[in-house]
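# What the coordinates show
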Amino acid sequence: MPRDLLMSPVLRRIGGVVLVLATAACAETIALKPGSQSYATARNLAEDRDANQAKAHFRRAIAEAESDRIADRARVGLARLLLQDTGRTEADVREAVALTTEAAARDASAKRDLALLYLDGGVVPADPVRAAQLLREGAQGSPATALQLSELIAEGRIPEAMPGERSALLADAVSDLKIAEQRGSGSAARQLGQVVAETDPVQAEELLRRAIEMGQRGAILPLAELWFDSGTPADQDRAEALLLRGIDAGEVSAAASLAERRRNAGEVEEAAQLYALAARAKQPAGYLGLASLMLDPDLRLTPDTASSGVTLLEQGSSTNPEVALALGRITEQGKYVSVDVRRAARLYQTAADAGIATGALRYGRLLKAGRGVSPDPARAIAYLKTASDAGESGAWADLGEMYATEREPLRDDVAARRYLALAAEEMESVRAARQLSELLRDGRGGDRDLPGALKWALVAASKGSVGAMLDAGEAYALGRGTPVDFGNAARWYSEAARNGSANGALRAGWAYASGKGVQRNMAAANRLFAIAVGSNPSLAPKLARSFALGLDGVRDDDEAARWFGRSKPKQAAEQMTAIARAYEQGKGVAQNFDTAKRWYRMASDRGDASAMLWVADAAEAGEITGFSRSDVLQLYRKAALAGSFDAAIRIARRYSVGIETPPDDQKAVEWWLIAAKGGSAEAQFRVGMAYLDGAGIEEDRSKAEIWLRRAEQSGFLVRADSILSVQ
């Protein structure tokens, strides 16, 4: 049986109320028959939270009892303790189900417990019809079960509820409780007081007072709440005094209720002390109330209170997974303790493995991010999916993102769409809306849906996603999922710019420069361009190139020169070379060799290697005037030293054959080596032959072989073995 089924919400609910229900189910005195003493001892031990001893005495009562009534009550008590235990095993749960099923043949409270298990479907197959049948059977003669059934009908959890059934159940329960109360049942007085509290507070007060007089400590809280709700100062004082009396009498649950009142009144330290009192008595409300105070970003406890609070939470975390979850949050945040994400991860895992959805969510996120644990996408998805299946909607966006971005076999675009849609629609997640837009735009996980992509981009953009603003602007500019609308494109680009996007400022600037969608305004355009370049200086040479080539609808050499002036020399030179190449080849602009030469020369003057090589080649061919032969050689040298291996080859050839300079094998090899190291197959061959022949360098057959084989691997059409065998 999977562990997450052992920790289902209904099992925790049954376990969490074990003390109240075990006491209420047997509030009336059972005559001292065989097994009754062990049963009474077990109940007292359960109230004192000595679960192991209580279990032992419940088992003894079952073995000793001659009465089915005593044995069934003991079975119910033992089953509830087994389910309450956070360290329970599969065998414990099977035993609890068997005990409850056996007792349910005769005992109304067992019928109620078994019905809840059937409603949950955790450890027995879900069967709402069977659950309703058990509750209806148990409601006959059991006001508590009748009240439980009426609540479930109101929640819509009982199938085929009959018209008027809830009203009839309430009426019967009240009638039975009145009879029992008149016979002196304190438990009935308490339950009846709680039932009539909303409709007849005066009668409720009288009943709850009488229940307290008969030793029903469980009536203290309902009576205090009744007085608190009246709103009069006198009743407020009476309620607080009653809770204090309850605390003195050992009803520690009253401490948590009073703590909540103190907290609402701004008396934080006193609230913390009261929560701590409840926590020391192992009351879940005490632990969780204390944790809530410590996690509140607007509150700050004194060091002593915080220190004792952490100690209590550490104690509670070993047995209560919800406390482990709260302590994990405190540890991850580093509030009152040192930040320790590793420990937080362990605490979250404890909560997750106990079936707490928020624990699974938080642990899954740590696994996803690799915080406090090694990154593990597969386990992250598993825990996040567990959280999602348990109703934790916060996991949807994380699951959608992981399914969309992880590698195979984890990637699942269909699942990504589904979870992102849930997060975007139900949780209004901005991140999910943006990612869903991208999937729809790209046709991942289903048909391409450009209108849908724009819809979700606009949703995310309207909630502040800068990336979605850019996506929306682009969609309007390109007519993607909508007719072309330069006005809306400019609007969203400008909005992205206002939110700090350099790319948004750049695109909005081009809108104002070209007058697309807005009135043309170069001053506004340049202000936006300045914002973009201030945020990302590498945009300056790209701006210049766009102006030079008219790539964005505006050709302006003066603006190009101005933005080149604000560029780093190397970046400016690279863009100038790109402009020159565009004019030389006629790509995106009308082919113009004279303009190309002008841009090549400007790029060459700024040190771009490929531009220097082009200018040197053109000067040598006589296509550019004003260069002497020594100027050309010097330009080749500069290009080679700037990284042009083709320039190094040209120099090497000059020295090899004596073009415009005396032959010089040593200098030729120096330049061949530069080109060879850059990957030139011809240069690698020349270096290999130089080593083989000792031409310009000391003869070295092993180095010759290395370079000749490199040349062959680089594609030079000569077999190294053939050359080496001849030599």
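The shown structure was predicted, so the numbers you read here are calculated from the model rather than taken from an experiment. (Residues numbered from 1 in each chain as written. Predicted model: local features only at pLDDT ≥ 70, side-chain atom pairs only at ≥ 80, totals over all residues. Heavy atoms only, no water.)

Now for the overall build of the protein. Each helix and strand in the protein was counted, giving 42 helices and zero strands. For the protein, the spread of C-alpha atoms along the three principal axes comes to 125 × 70 × 55 Å. Per-residue burial for the protein yields a buried fraction of 49% across its 727 residues. Sequence separation of at least 24 residues holds for 47% of the intrachain contacts in the protein that already meet a minimum separation of 6. When the accessible surface of the protein is split by element, carbon and sulfur atoms take 48% of a total near 34,100 Å². Positive and negative side-chain charges in the protein, numbering 92 and 97 respectively, have mean positions lying 4 Å apart. (Helix = DSSP H or I, 4+ residues; strand = E, 2+ residues; numbered from the N terminus. Buried < 20%, exposed > 50% of the residue type's maximum accessible area, 1.4 Å probe, protein only. Contact = heavy atoms within 4.5 Å. Areas by Shrake-Rupley, 256 points an atom, 1.4 Å probe, with all protein chains shown as cover. Lys, Arg positive; Asp, Glu negative; His and termini not counted. Charge placed at Lys NZ, Arg CZ, Asp CG, Glu CD.)

Moving on, we get to the confidence of the model for the protein. If pLDDT is low for a region, its predicted coordinates should not be looked at in detail. Chain-level pLDDT for the protein is 86 on average; 91% of the residues reach the 70-or-more range. Low pLDDT (under 50) marks residues 1-31, which in the prediction has 74 contacts with non-local residues, meaning those over four places away or in another chain. (pLDDT = per-residue confidence, 0-100.)

Trp510, Phe529, Leu543, Phe547, Trp563, Trp599 and Leu708 are the most contacted members of the largest nonpolar core, which totals 129 residues. In terms of residues, this core owes the most to one element, helix 36 (residues 609-620), which gives eight residues. When neighbours within four sequence positions are excluded, Phe547 is seen to be in contact with Trp510, Met522, Phe529, Val554, Arg555, Asp556, Glu559, Ala560 and Trp563. Grouped together as the second largest cluster of nonpolar side chains are 51 residues, Leu208, Ala291, Leu293 and Leu295 included. (Core = buried A, V, L, I, M, F, W, Y, C linked by side-chain atoms within 4.5 Å.)

Let us look at the packing of helix 31 (residues 522-535) against helix 32 (residues 539-549). In the contact formed by helix 31 and helix 32, the axes pass within 9 Å of each other and the chain directions differ by 145 degrees. Facing helix 31, whose interface residues are Met522, Phe529, Ala532 and Val533, helix 32 presents Leu539, Ala540, Leu543 and Phe547. (Axes fitted to C-alpha atoms, helices over the stretch in contact; angles between N-to-C directions.)

Along the chain, Asp442 turns up in helix 26 (residues 430-442). Residues Asp442 and Met576, spaced 134 residues apart in sequence, show a C-alpha to C-alpha distance of 34 Å.

Okay, the side chain of Asp72 next. In this fold, Asp72 is placed in helix 6 (residues 68-84). In this structure the side chain of Asp72 is engaged in a polar contact, spanning 2.7 Å, whose partner is the side chain of Arg75. If sequence neighbours within four positions are ignored, Asp72 has contacts with Ala103, Arg106 and Asp107. (Polar contact = N/O pair within 3.5 Å; in protein donor to acceptor, adjacent residues only side chain to side chain.)

Turning our attention to unusual backbone geometry. At the junction of Glu408 and Pro409, the peptide bond is cis and its omega measures out at 5 degrees in the coordinates. Assignment of secondary structure puts Pro409 in the loop between helix 24 (395-405) and helix 25 (413-426). Despite not being glycine, Tyr336 shows a phi value in the positive range, around 75 degrees. One non-glycine residue with positive phi stands out, namely Glu428, at about 55 degrees.

This part covers the packing of aromatic side chains. With the rule as written, the count across this model stands at eleven aromatic pairs. Centre to centre, the rings of Tyr39 and Phe58 are 5.8 Å apart; their planes meet at 55 degrees, and the pair counts as tilted. With Tyr39 in helix 4 (residues 36-47) and Phe58 in helix 5 (residues 51-64), the pair connects residues that are 19 residues apart, well separated along the chain. Side by side, Tyr39 and Phe58 carry an identical accessibility label, which is buried. Residues Phe685 and Phe716 carry aromatic rings whose centres are separated by 4.6 Å and whose planes lie at 25 degrees to one another, so their mutual orientation is stacked. Of the two residues, Phe685 sits in helix 40 (residues 681-693) while Phe716 sits in the loop between helix 41 (701-713) and helix 42 (720-726), which places them 31 residues apart along the sequence. On the accessibility criterion, Phe716 (25% relative accessible area) is partly exposed. By the ring-pair criterion, three or more aromatic residues cluster together here, those being Trp510, Phe529, Phe547 and Trp563. (Phe/Tyr/Trp six-rings, centres within 6.5 Å; stacked < 30°, edge-to-face > 60°.)

The subject of this paragraph is the environment of Ala272. Mapped onto the elements, Ala272 comes out in helix 17 (residues 268-280). Assessed through its relative accessible area of 1%, Ala272 is described here as buried. Distance in space between the C-alpha atoms of Ala272 and Leu301 is 8.3 Å, their sequence separation being 29 residues. Ala272 has contacts with Leu290, Leu293, Leu301 and Thr305, leaving out every residue within four places of it along the chain.

We now examine the pattern of salt bridges. Within this structure, the stated rule accounts for 44 salt bridges. The salt bridge partner of Asp398 is Lys368, with a shortest N-O separation of 3.0 Å. Residue Asp398 is located in helix 24, and its partner Lys368 is located in helix 22 (residues 357-369); the two are separated by 30 residues in the primary sequence. By relative accessible area, which is 5% here, Asp398 ends up buried. (Salt bridge = Lys/Arg side-chain N within 4 Å of Asp/Glu carboxyl O.)

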